[in-house]
Amino acid sequence: MSSADLGRALCIITGASRGFGRTVALQMSRLVKPGSTLVLAARSGDDLRALQVELSGSEAGRAGLKAVCVVADLGQKEGPESVVKAAAEAFSEDMEHIILINNAASLGDVSRFAKDFTNMADIDSYLSFNVSSFLCLTAGTLQRFPQRPGLKRTVVNVSSLCAVQPFSSWVLYCSGKAARHMMFRVLAQEEPDLRVLNYSPGPMATAMLEEGRSRTGDPGLKTLISDLYSDGKLVTCEDSCAKMMKLLLEDKYKSGDHIDVFDL
């Protein structure tokens, strides 16, 4: 491994079928050595398979990169388990880097305010997909690929400004991102050999932000999001992902830190 590549890697990417996750898969494919495998997880099988075809036909694919699709609902118990199982089957002993990109997330109901959430089932469902599965998948991956000489391990939480700053009517999303952020800070303390990164990619023109623009209950926040579009202040998935990849390649960040795209 060198600062020019991420080594012969097994890379797990959740939420890989579209948006930022799809961009991560494409850029990651160019930064790993031949013989690497990308394990692509998402709920949309058709979109995953289209990405798999694109990767197979790329220069990296022709050089030996493999892409494995895992169609899974991470909000269900079987979801994280199926991803870890696929990763274990894809692993080979000559791999030198395990990379987990925890990208999958949902916005939740942003049309309501904190005082409106009285149905525990709604909250449990949101947290199961966005928080519980996040920890279970990370823990399952670390258990399956324990520390050993010659194996580097990196875990990334695709975070948000919402992890550290409150936004009215986004109580579910902010709470989920804050929980994930703290989980990784704790993990960095517990596992000093592990490289842990909380990366906030910024406001991007994705389906999630479009949902926020149309459904946000707080008028001021709704206007703020609309202004990001009209003022041309959105970050492209490609630019933000390139900055994250640079962080991973240089590998100089403090493990557990929260780094925002606008800090770079």
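See above for the structure.
All values reported here derive from a predicted model rather than from experimental measurement.

Caption draft 1: Molecular detail of the side chain of Ser-29. In this structure, Ser-29 sits in helix α1 (residues 19-29). With residues up to four places along the chain from it excluded, the contact list for Ser-29 reads Leu-38, Leu-55, Ala-60 and Leu-65.

Caption draft 2: Geometry of empty space enclosed by the protein. Summed over all chains, the structure comprises one cavity of 30 Å³ or more. Estimated volume of the largest cavity: approximately 60 Å³. Lining the largest cavity we find Thr-14, Leu-74, Asn-102, Ala-104, Phe-129, Ser-133, Phe-134, Leu-137 and Arg-180. Here the element with the most residues in the lining of the largest cavity is helix α5 (residues 120-144); it accounts for four residues.

Caption draft 3: Summary view of the pattern of salt bridges. Counting across every chain of the model gives 17 salt bridges. A salt bridge links Asp-46 to Arg-49, with the shortest nitrogen-to-oxygen separation between them at 3.3 Å. In this pair, Asp-46 and Arg-49 both sit in helix α2 (residues 45-56), three residues apart, roughly one turn of the helix. Note that Glu-93 and Arg-148 form a salt bridge whose closest N and O atoms lie 3.9 Å from each other. Of this pair, Glu-93 sits in the loop between α4 (78-90) and β4 (97-102) while Arg-148 sits in the loop between α5 and β5 (152-158), and the two are 55 residues apart along the sequence.

Caption draft 4: Representation of the layout of surface pockets. Reported here for the largest pocket is a volume of approximately 1100 Å³. Tyr-173, Met-204, Thr-206, Met-208 and Leu-209 are, among the 45 residues lining the largest pocket, the residues nearest its centre. Going through the elements one at a time, α1, β2 (37-42), α6 (171-190), α7 (207-215) and α8 (219-230) are the ones with two or more residues in the lining of the largest pocket. Among the residues making up the lining of the largest pocket, the classes are represented as 26 nonpolar, 13 polar and six charged. Roughly 180 Å³ of volume is contained in the second largest pocket. Lining the second largest pocket are 14 residues, and of these Ser-106, Asp-122, Ser-125, Tyr-126 and Phe-129 lie nearest its centre. Counting residues per element, the lining of the second largest pocket draws most heavily on α5, which supplies five residues. Of the residues belonging to the lining of the second largest pocket, the class tally is four nonpolar, five polar and five charged.

Caption draft 5: Here's a closer look at the sheet that holds strand β3 (residues 66-71). Sheet architecture is open: seven strands sit in the order β3-β2-β1-β4-β5-β6-β7, paired in parallel fashion. Strand pairing shows two members of the sheet lacking a second neighbour, β3 and β7 (258-260), which therefore form its edges. Here the average twist between neighbouring strands, direction ignored, is 20 degrees. Sitting on the sheet, α4 is in contact with β1 (9-14), β2 and β3, with an inclination near 165 degrees to β2.

Caption draft 6: Up close: the side chain of Ser-36. Looking at the element boundaries, Ser-36 is found in the loop between α1 and β2. By relative accessible area, Ser-36 is classed as buried at 0%. A polar atom in the side chain of Ser-36 sits 2.6 Å from the backbone oxygen of Lys-33. In this view, Ser-36 contacts Gly-7, Arg-8, Ala-9, Gly-64, Leu-65, Lys-66 and Met-95; residues no more than four positions away in its chain are not counted.

Caption draft 7: Examining unusual backbone geometry more closely. If you check the backbone angles, Ser-169 has positive phi at about 75 degrees while not being a glycine. Taking the relative accessible area as the measure of exposure, Ser-169 reaches 5% and is therefore buried.

Caption draft 8: Here's a closer look at the packing of aromatic side chains. Applying the stated criterion across every chain, the model contains three aromatic pairs. Measuring from ring centre to ring centre gives 5.6 Å for Trp-170 and Tyr-173, while their planes differ by 90 degrees; the resulting arrangement is edge-to-face. The exposure class assigned to Trp-170 is buried, which follows from its relative accessible area of 8%. In this arrangement the basic side chain of Arg-112 is found over the ring face of Phe-117, its NZ or CZ atom lying 4.2 Å from the centre. Above the ring of Tyr-229, the side-chain terminus of Arg-213 is found at 3.7 Å from the ring centroid.

Caption draft 9: Broad picture of the nonpolar core. Judged by nonpolar contacts, the single largest core of 39 residues is most densely connected at Phe-20, Val-24, Met-28, Leu-40 and Ile-101. Where this core is concerned, the elements lending two or more residues are β1, α1, β2, α2, β4, β5, β6 (195-200) and α9 (237-250). With seven residues, α9 is the largest single contributor of residues to this core. The contacts of Met-28, once residues within four sequence positions are left out, are Leu-6, Cys-11, Leu-38, Ile-99, Ile-101, Met-245 and Leu-248. Within the second largest apolar cluster, 29 residues are counted, among which are Leu-10, Val-39, Phe-129 and Val-196.

Calculation rules
- Along each chain, the written sequence defines residue order, and numbers are assigned to residues from 1.
- With pLDDT at 70 or above as the cut-off, local features in this predicted model cover only qualifying residues; side-chain atom pairs require 80 or more to be listed or tallied, and sums for whole chains, interfaces and linings still use all residues.
- Just so you know, side-chain values use all the structure's heavy atoms and leave hydrogens and water out.
- Only runs of H or I of at least four residues qualify as helices and only runs of E of at least two qualify as strands under DSSP, and these elements are numbered from the N terminus.
- Here, residues are in contact when the closest pair of their heavy atoms is within 4.5 Å.
- The definitions used throughout rest on a 1 Å grid laid over the protein atoms alone, on which a cavity is an enclosed set of points accommodating a 1.4 Å probe that cannot get out and a pocket is an open set flanked by protein within 12 Å on both sides along at least five of seven lines; lining residues are those having an atom within 4 Å of a point.
- Grid points are joined across faces, edges and corners, and a volume is the space filled by probe spheres set on the points.
- We count a salt bridge whenever a side-chain nitrogen from Lys or Arg sits within 4 Å of a carboxyl oxygen from Asp or Glu.
- Under the convention adopted here, Pro, Cys and the residues Ala, Val, Leu, Ile, Met, Phe, Trp and Tyr are nonpolar, Asp, Glu, Lys and Arg are charged, and Gly plus all remaining residues are polar.
- Note on pairing: DSSP must find at least two bridges between two strands before they are called paired.
- Interaxial angles span 0 to 180 degrees and are taken between N-to-C directions of axes, which are lines fitted to C-alpha atoms, for helices over the stretch in contact.
- Each residue's exposure class comes from its accessible area (1.4 Å probe, protein chains only) as a fraction of the maximum for that residue type: buried when under 20%, exposed when over 50%, partly exposed otherwise.
- Side-chain atoms alone can form a polar contact between residues adjacent in sequence; in general such a contact is a pair of N or O atoms within 3.5 Å, and within protein one must be able to donate a hydrogen while the other accepts it.
- Stacked, edge-to-face and tilted labels apply to pairs of Phe, Tyr and Trp rings (six-membered ring for Trp) whose centres lie within 6.5 Å, assigned for plane angles under 30 degrees, over 60, and everything in between, in that order.
- For a ring to carry a charge above it, either NZ of a lysine or CZ of an arginine must fall within 6 Å of the ring centroid while also lying within 35 degrees of the normal to the ring plane.
- Only buried residues count toward a nonpolar core, which is a set of Ala, Val, Leu, Ile, Met, Phe, Trp, Tyr and Cys residues joined through side-chain atoms within 4.5 Å.

Keep in mind these values describe shape, not function.
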